[in-house]
Amino acid sequence: MAASSVASPLCTWLVAACMSVTCDGDCSTRPSMLSSSKRRPKCAARRRLPSKCSSFSADFQKGLNSAFSGSSIQGLMSSCLAFEPCDEYYSSKGLSSLGSNGLSSLFGSKTGTTSRRQRRFHGAAHSGETMAVAVQPTEERTKQKKPTTRQRRVVVTGMSVVSPLGHDSDVFYNNLLEGVSGISEIEAFDCTQFPTRIGGEIKSFSTDGWVAPKFSRRMDKFMLYMLTAGKKALADGGITEDVMEQIDKAKCGVLIGSAMGGMKVFNDAIEALRVSYKKMNPFCVPFATTNMGSAMLAMDLGWMGPNYSISTACATSNFCILNSANHIIRGEADIMLCGGSDSVMIPIGLGGFVACRALSQRNSDPTKASRPWDINRDGFVMGEGAGVLLLEELEHAKKRGATIYAEFLGGSFTCDAYHMTEPHPDGAGVILCIEKALAQSGVSREDVNYINAHATSTPAGDLKEYNALIHCFGQNPELRVNSTKSMIGHLLGAAGAVEAVAAVQAIRTGWIHPNINLENPDEGVDTKLLVGPKKERLDVKVALSNSFGFGGHNSSVLFAPYK
């Protein structure tokens, strides 16, 4: 920083000095650069540089241009001062502000003794004289250019889920391929008084070996799901204790978000407050905030890199994934745990979405309730869980011998700027988001042959997204589209990450999962684009995963096989 601040005024001074000072031996008096023209000595008319101090030339101008383009004092010296300064240089005060030590090092002195010329320089440091410099840069120096920086590539080296269809990414995906539904009647509380009594509920879950008992008793489920999935993703990525000792923890970060946060912890605190504040959980505030899951995971791992949470409703996970990748691309991190987690399977959570009139009421047949693009859909099915990806810089992953599942190509965000819960009528925000994602990642429309759609099973949302996909990819005969939510429901802030895991698994296995319950496609929906009731073989070139959220948040991320 200090060198950079010196370089620019130093070069400016050198130019002025060389233009204003004569090196003729009979000019005994030399004016300061700031002196008035009326005080010029008689010899000013003979302002010429002797052969030792050559006049301005094309080479000199090139040298100055090279110096000005540099960003450090070293660059300045190599461009402007790669020569032996003339005699007049040593009688100048120009660089005295740098100090004698700094000047000695700049001009090559490596000993404590001073030469005759250096002694002359120090003696004239306050004489008020300026200097002239002969500049003769070599042709090679003037042609040097800053090397281009290659963008860091981001790959997926680990992943994990906590879901209604299993807590292992392979078990989860095998159930998807078989068309198994994870929707059932809610058992966590009595919901007989609600018009909706079904959901993608996790029936059994254990934190043994993943979360300390003292925390598991007090934490909200969204944090327990997040911590467990995060640590399992590390294990899946081969981040053992030995590897942890080798990696730079200052370049490792956590960015796992939540749409709803710790609703149960906060609700329990309100109930306790009805009795007395003394009955409240002392951790109710930190354990209710959306950022604390990422923070607790980082504390557990000792990771000191980027750490925060993003909350953009049901688009949360994709926002976290893309921002994590950007941290790696910019060199701020080498490894990032990213994704989302949510659990609102409690009365206030169910009641809130019922009040929005957003949930399906197909209580008599839970497994048929989530039916994206089907004409008989009547709303989405609320689910719970977590999804976490381990993103890593490519060379870092190769160096430690990691298994690479897929490459993250890029993505984008936009906002509908239209309505709190309804998508834009013409899908403008979604189309813009997809087009920006393709442009940012350098992917052509023809290369995208698999889309894991947001498709929640709502009357308006499914068609708006479908029409946007037709607008962007309708000419691609190889395109296949499915919705993971048809089997697990809508996991809110965790949905995007769980669906990203499904997209990566499709790349790994060469199989894409079916759309279940698509019995009577809505008018205008071309079933040739949609995956049928059975799994299908597909050589995925590029996979696109969409997520949209209340507030008009749109997000798209792209994955491809690593090559």
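Just so you know, these numbers come straight off a predicted model, no measurement behind them.

A. Main features of the overall build of the protein. From N to C terminus, the protein includes 20 helices and 13 strands. In the protein, buried positions account for 52% of the 563 residues. For the protein, contacts bridging at least 24 residues in sequence account for 79% of all contacts bridging at least 6. When the accessible surface of the protein is split by element, carbon and sulfur atoms take 52% of a total near 25700 Å².

B. Quick look at the side chain of His 396. Within the secondary structure, His 396 sits in helix 16 (residues 394-399). Dropping the residues within four chain positions of it, His 396 is found in contact with Ile 247, Asp 334 and Ile 335.

C. Representation of the pattern of salt bridges. Under the counting rule described, the total for this entry stands at 22 salt bridges. For the salt bridge of Glu 178 with Lys 535, the shortest nitrogen-to-oxygen distance reads 3.8 Å. Taken together, the residues Glu 178 in the loop between helix 7 (169-177) and strand 2 (184-185) and Lys 535 in the loop between strand 10 (511-512) and strand 11 (536-537) connect sequence positions 357 residues apart. On the accessibility criterion, Lys 535 (32% relative accessible area) is partly exposed. Its salt-bridge partner being Lys 203, residue Glu 187 comes within 3.7 Å of it at the nearest N-O pair. Placement of the pair is Glu 187 in the loop between strand 2 and strand 3 (198-199) and Lys 203 in the loop between strand 3 and helix 8 (213-216), with a sequence separation of 16 residues. Salt bridges linked by common partners bring Lys 368, Arg 371, Asp 374 and Glu 519 together as one network.

D. Quick peek at the packing of aromatic side chains. Scanning the entire structure with this criterion turns up 8 aromatic pairs. An angle of 50° between the planes, with centres 6.5 Å apart, marks the rings of Phe 353 and Phe 550 as tilted. With Phe 353 in helix 15 (residues 347-355) and Phe 550 in the loop between strand 12 (542-549) and strand 13 (553-560), this residue pair connects regions lying 197 residues apart in the sequence. For Phe 353, a relative accessible area of 9% gives the class buried.

E. Quick look at the confidence of the model for the protein. In the predicted model, the protein carries a mean pLDDT of 82, and the fraction of residues at 70 or more is 74%. Counting contacts from residues 1-143, a segment whose pLDDT is below 50, to residues more than four positions away or on other chains yields 169 contacts.

F. Representation of the sheet that holds strand 9 (residues 480-482). The 9 strands are arranged 4-5-6-1-7-13-12-8-9 in an open sheet whose pairing can be described as mixed. Edge positions in the open sheet fall to strand 4 (252-257) and strand 9, since each of these has one partner strand only. Along the sheet, successive strands turn relative to each other by an average axial angle of 25°, direction set aside. For strand 12 and strand 13, the ladder comprises 7 bridges, and the chain directions are antiparallel. The partner of Ser 547 across the bridge, within strand 13, is Ser 555.

G. Broad picture of the side chain of Asn 452. Structurally, Asn 452 is set in strand 8 (residues 448-452). In this structure Asn 452 comes out as buried when scored by relative accessible area, which is 0%. A distance of 2.9 Å separates polar atoms of two side chains, one belonging to Asn 452 and the other to Thr 484. Sequence-distant contacts of Asn 452, defined by excluding residues within four places in its chain, comprise Asn 482, Thr 484, Glu 499, Ala 502, His 513, Leu 544, Ser 545 and Asn 546.

H. Quick peek at helix 13 (residues 292-301). Burial within helix 13 is extensive, with 8 of its 10 residues counted as buried. Here helix 13 has its buried residues at Met 292, Gly 293, Ser 294, Ala 295, Met 296, Leu 297, Ala 298 and Leu 301. Each element contacted by the buried residues of helix 13 is listed here: helix 8, helix 9 (221-236), helix 10 (241-246), strand 4, helix 12 (284-288) and strand 5 (335-342). A positive backbone phi angle near 75° is found at Gly 302, which sits one or two residues after helix 13.

I. Focus on the packing of helix 17 (residues 428-441) against helix 18 (residues 459-473). Across the interface, helix 17 lies against helix 18 with an axial gap of 9 Å and an inter-helix angle of 40°. By the criterion of interaxial angle, the relationship of helix 17 to helix 18 is oblique. The element helix 17 and its partner helix 18 pack so that their crossing is right-handed. Together, Val 430, Ile 431, Ile 434, Glu 435 and Leu 438 of helix 17 and Ala 468, Leu 469, His 471, Cys 472 and Phe 473 of helix 18 make up the contact between the two elements. For the contact of helix 17 with helix 18, the residue count by class is 8 nonpolar, 1 polar and 1 charged.

J. Representation of helix 20 (residues 495-509) in the model. With 15 residues, helix 20 should reach 21 Å at 1.5 Å per residue; the first-to-last C-alpha distance of 21 Å fits that figure. Of all 15 residues in helix 20, 13 are buried, a share of seventy percent or more. The first or second residue beyond helix 20 is Gly 510, which carries a positive phi of 80°.

Basis of the calculations
- Residues numbered from 1 in each chain as written.
- Predicted model: local features only at pLDDT ≥ 70, side-chain atom pairs only at ≥ 80, totals over all residues.
- Heavy atoms only, no water.
- Helix = DSSP H or I, 4+ residues; strand = E, 2+ residues; numbered from the N terminus.
- Buried < 20%, exposed > 50% of the residue type's maximum accessible area, 1.4 Å probe, protein only.
- Contact = heavy atoms within 4.5 Å.
- Areas by Shrake-Rupley, 256 points an atom, 1.4 Å probe, with all protein chains shown as cover.
- Salt bridge = Lys/Arg side-chain N within 4 Å of Asp/Glu carboxyl O.
- Phe/Tyr/Trp six-rings, centres within 6.5 Å; stacked < 30°, edge-to-face > 60°.
- pLDDT = per-residue confidence, 0-100.
- Pairing = 2+ DSSP bridges.
- Axes fitted to C-alpha atoms, helices over the stretch in contact; angles between N-to-C directions.
- Polar contact = N/O pair within 3.5 Å; in protein donor to acceptor, adjacent residues only side chain to side chain.
- Parallel < 35°, antiparallel > 145°, perpendicular 65-115°, else oblique.
- Left-handed = near helix turned anticlockwise from the far one by under 90°.
- Nonpolar A, V, L, I, M, F, W, Y, C, P; charged D, E, K, R; others polar.
- Expected span 1.5 Å × (residues − 1).

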